[in-house]
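Each chain, written out:
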Amino acid sequence: MTFIYAIANQKGGVGKTTTAVNLTAYLAAMGKRVLLVDMDAQANASSSMGIDKAALETSSYDVLLGNVTAAKATLMNEKHKLFIIPSSPGLAAAEIELVGEMAREYRLRQALTTEAEKYDYILIDCPPSLGLLTVNALTAATGGVLIPVQCEYLALEGLTQLTRTVQLVKQRLNPQLSVSGLILTMYDSRTALSQQVAAEVVKFFGEQVFTTRVPRNVRLSEAPSYGQPILTYAPSSPGGAAYKALAAELVARSEGTSPNA
Ligand SMILES: Nc1ncnc2c1ncn2[C@@H]1O[C@H](COP(=O)(O)OP(=O)(O)O)[C@@H](O)[C@H]1O
Ligand SMILES: [Mg+2]
């Protein structure tokens, strides 16, 4: 059984990439076979994993366009024992190049069908929009969508639009799609605002919200510039502890086991 999750929110800077990269690393550390798919032309997930964008021969762009198989575009990260389909700036053009193509929303799903049995988890890092790239990710996401929510003013704004998109994709393209969880990010327990936002999100979404809250932690923002997940950059930081706990919670939710087992 492979769990494919899209990590999506059309707002930028809410922690999608940080969550995708660090969940991938901790899932791999738990012994899971994990593939991270970078679907953002900014390729932040790829560089956060230490991949040199300039040296790439193939990327998620080529996979979407059907130039290469997903297997061919997959790189192995030896150190972390994980796999990644990196992105490249050219991906920005894919939205336009795919217009008029048959079954353009299914490109990623189709490309991943041959890959699914190789992995326990596939995480897809989405761009900050609800365009064709995100729709491709949602269509491929048999496990559902994970929504990072930044604990800041106006956090809930946009979530209605996002959940509506999820509903549309579910109706038309991927009947298995659901919101598997909301992840509170950049949480600061010392500020009233963070607490209010968290309370409001929980009030709205109830048990869909992950118990683990990711704190605002400077270590998490430093790690990408060293091309490392927090797991190796600062494992004992609050951010490291949070993503470790979040990975355990995701496994528990996906596989139906206790997170403390
Ligand atoms: N919990 C956190 N604490 C501190 N900084 C964070 C945290 N999560 C993300 N960041 C930083 O905030 C910025 C936006 O995060 P990112 O994951 O790139 O968001 P998105 O992918 O949604 O645009 C990045 O500079 C990242 O390093
Ligand atoms: Mg991002």
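Everything quoted here is computed from the prediction, not taken from an experiment.

Here is what the cut-offs are and how they apply
- As a convention, each chain's residues are numbered from 1 in the sequence order in which they are written.
- Chains carry letters from A onward and ligands carry numbers from 1 onward, assigned in written order.
- Per-residue local features of the predicted model are confined to residues with pLDDT of at least 70, and side-chain atom pairs are confined, for both listing and counting, to 80 or more; whole-chain, interface and lining totals are unaffected and use all residues.
- Side-chain metrics rest on all non-hydrogen atoms present in the structure, leaving aside hydrogens and water.
- Helix and strand labels come from DSSP, where a helix needs a run of H or I of at least four residues and a strand needs a run of E of at least two; each type is numbered from the N terminus.
- Our radius of gyration is a C-alpha quantity, and the globule rule it is checked against amounts to 2.2 Å times the number of residues to the power 0.38.
- Exposed residues in this analysis have more than 50% of their type's maximum accessible area, buried residues have under 20%, and partly exposed residues fall in between, with area computed by a 1.4 Å probe over protein chains only.
- In these tables, accessible area is a Shrake-Rupley quantity obtained with a 1.4 Å probe, and a residue counts as shielded only by the protein chains included in the view.
- Only four residue types enter the tally: Lys and Arg on the positive side, Asp and Glu on the negative side; His and the chain ends are excluded.
- A charged residue contributes its charge at one atom only: NZ of Lys, CZ of Arg, CG of Asp or CD of Glu.
- Note on definitions. A residue lies near a molecule or strand when any single heavy atom of the residue is within 4 Å of it.
- In the analysis that follows, any N or O atom pair within 3.5 Å is treated as a polar contact, provided that within protein one partner can donate a hydrogen and the other can accept it, and provided that, for residues neighboring in sequence, both atoms belong to side chains.
- When residues are sorted by character, Ala, Val, Leu, Ile, Met, Phe, Trp, Tyr, Cys and Pro go into the nonpolar class, Asp, Glu, Lys and Arg into the charged class, and all the rest, Gly among them, into the polar class.
- In this scheme, a helix's expected span is set at 1.5 Å multiplied by one less than its residue total.
- Nonpolar side chains (Val, Leu, Ile, Met, Phe, Trp, Tyr) are joined into patches within 5 Å and like charges within 9 Å, using only residues with over 30% relative accessible area and no salt bridge.
- Salt bridge, as applied in this entry: a Lys or Arg side-chain nitrogen positioned within 4 Å of an Asp or Glu carboxyl oxygen.
- We treat two strands as partners when DSSP finds at least two bridges between them.
- The axes used here are C-alpha line fits, helices contributing only the stretch in contact, and every angle between their N-to-C directions lies in the interval 0 to 180 degrees.
- Contacts: residue pairs with any heavy atoms within 4.5 Å of one another.
- Orient the strands so they point away from the viewer, and a crossover whose first-strand-to-second-strand path over the helix runs clockwise is right-handed.
- Residues belong to a common nonpolar core when they are buried Ala, Val, Leu, Ile, Met, Phe, Trp, Tyr or Cys residues joined through side-chain atoms within 4.5 Å.

Peer 1: Looking at this model, I keep getting lost on the overall build of the protein chain. Mind explaining?
Peer 2: Secondary structure summary: the protein chain contains 12 helices and 7 strands in total. On C-alpha atoms alone, the protein chain measures out to a radius of gyration of 17 Å, which is about the 18 Å that the 2.2 N^0.38 rule sets for 261 residues. For the protein chain, the C-alpha atoms occupy an extent of roughly 50 × 40 × 35 Å along the three principal directions. Across the 261 residues that make up the protein chain, the buried fraction comes to 54%. Carbon and sulfur atoms make up 53% of the accessible area of the protein chain, which amounts to about 11500 Å² in all. Between the mean site of the 22 positive side-chain charges and the mean site of the 22 negative ones, the protein chain shows a separation of 5 Å.

Peer 1: Explain the site of ligand 1 to me, please; I cannot follow it from the model alone.
Peer 2: Around ligand 1 there are 14 residues in total, and Gly13, Thr17, Thr18, Pro215 and Asn217 lie nearest to it. A distance of 3.1 Å is found between an oxygen atom of ligand 1 and a backbone nitrogen or oxygen belonging to Val14. One of the backbone N or O atoms of Gly15 is found 3.0 Å from an oxygen atom in ligand 1. Considering each element in turn, the shell around ligand 1 owes the most residues, 3 residues, to helix α1 (residues 16-29). In terms of residue class, the shell around ligand 1 is built from 5 nonpolar, 7 polar and 2 charged.

Peer 1: I would appreciate a short explanation of helix α12 (residues 238-255) in the present structure.
Peer 2: Since one α-helical turn is 3.6 residues long, residues separated by three or four positions face the same way. Its 18 residues give α12 an end-to-end C-alpha distance of 26 Å, which sits within 8% of 26 Å, the value for a rise of 1.5 Å per residue. Considered for burial, the residues of α12 that qualify are Gly239, Gly240, Ala242, Tyr243, Leu246, Ala247, Ala248, Glu249, Leu250, Val251, Ala252 and Ser254. Looking one or two residues beyond α12, the residue adopting positive phi is Gly256, at roughly 70 degrees.

Peer 1: How should I be thinking about a nonpolar patch on the surface in this particular structure?
Peer 2: A cluster of nonpolar residues, Tyr153, Leu154 and Leu193, forms a patch on the protein surface that exposes about 320 Å² of accessible area. As for its position among the elements, Leu193 is in helix α9 (residues 192-205). Residue classification places Leu193 among the partly exposed residues on the basis of a relative accessible area of 33%.

Peer 1: I would appreciate a short explanation of the sheet that holds strand β5 (residues 121-125) in the present structure.
Peer 2: Strand-to-strand pairing in sheets goes through backbone hydrogen bonds, with the strands running parallel or antiparallel. Read across the sheet, 7 strands follow the order β3-β4-β2-β5-β1-β6-β7 without closing on themselves; strand pairing throughout is mixed. Lying at the two open borders of the sheet, with one neighbouring strand each, are β3 (75-77) and β7 (179-185). Each neighbouring strand pair of the sheet contributes to a mean axis angle of 25 degrees, computed without reference to strand direction. Looking at chain direction, strand β2 (residues 34-38) and strand β4 (residues 82-85) are connected through 3 bridges and run parallel. Paired with Leu36 across the two strands is Ile84, which belongs to β4. Together, β6 (144-150) and β7 form the strand contacts of helix α8 (residues 159-172), whose direction differs from that of β6 by roughly 175 degrees. Seen against the sheet, α9 touches β6 and β7 and runs at an angle of roughly 170 degrees to β7.

Peer 1: When you look at the pairing of β6 in this model, what are you seeing that I'm missing?
Peer 2: The side chains of a regular strand alternate, first on one face of the sheet and then on the other. With 7 of 7 residues buried, β6 lies mostly within the body of the structure. Sheet topology note: the strand β1 (residues 3-7)/β6 ladder contains 3 bridges and is parallel. The partner of Tyr5 across the bridge, within β6, is Gly144. Sheet topology places β6 next to β7; 6 bridges connect them, and they run parallel. Along β7, the bridge assignment pairs Val149 with Leu184. After leaving β6, the chain enters α8 and then returns to the sheet as β7, a path that is right-handed.

Peer 1: Could you clarify how one ought to interpret the nonpolar core in this entry?
Peer 2: Side chains that are nonpolar tend, in soluble globular proteins, to be buried together. Formed by 52 residues in total, the largest nonpolar core has its most connected members in Val37, Leu112, Ile124, Leu182 and Val201. Considering each element in turn, this core owes the most residues, 6 residues, to helix α7 (residues 132-140). With residues up to four places along the chain from it excluded, the contact list for Ile124 reads Ile4, Tyr5, Ala6, Ile7, Val37, Met39, Leu108, Leu112, Ala137 and Ala140.

Peer 1: Please clarify how the pattern of salt bridges should be interpreted in this entry.
Peer 2: Where charged atoms from two side chains of opposite charge approach closely, those side chains can pair. Across all of its chains, the model carries 8 salt bridges by this definition. We note a salt bridge from Asp120 to Arg33, for which the minimum N-O separation is 3.1 Å. Taken as a pair, Asp120 in the loop between α6 (107-113) and β5 and Arg33 in the loop between α1 and β2 lie far apart in primary sequence, 87 residues in all. Here Asp120 falls in the buried class, since its relative accessible area comes to 19%. When the shortest N-O distance is used, the salt bridge between Arg253 and Glu249 registers 3.9 Å.

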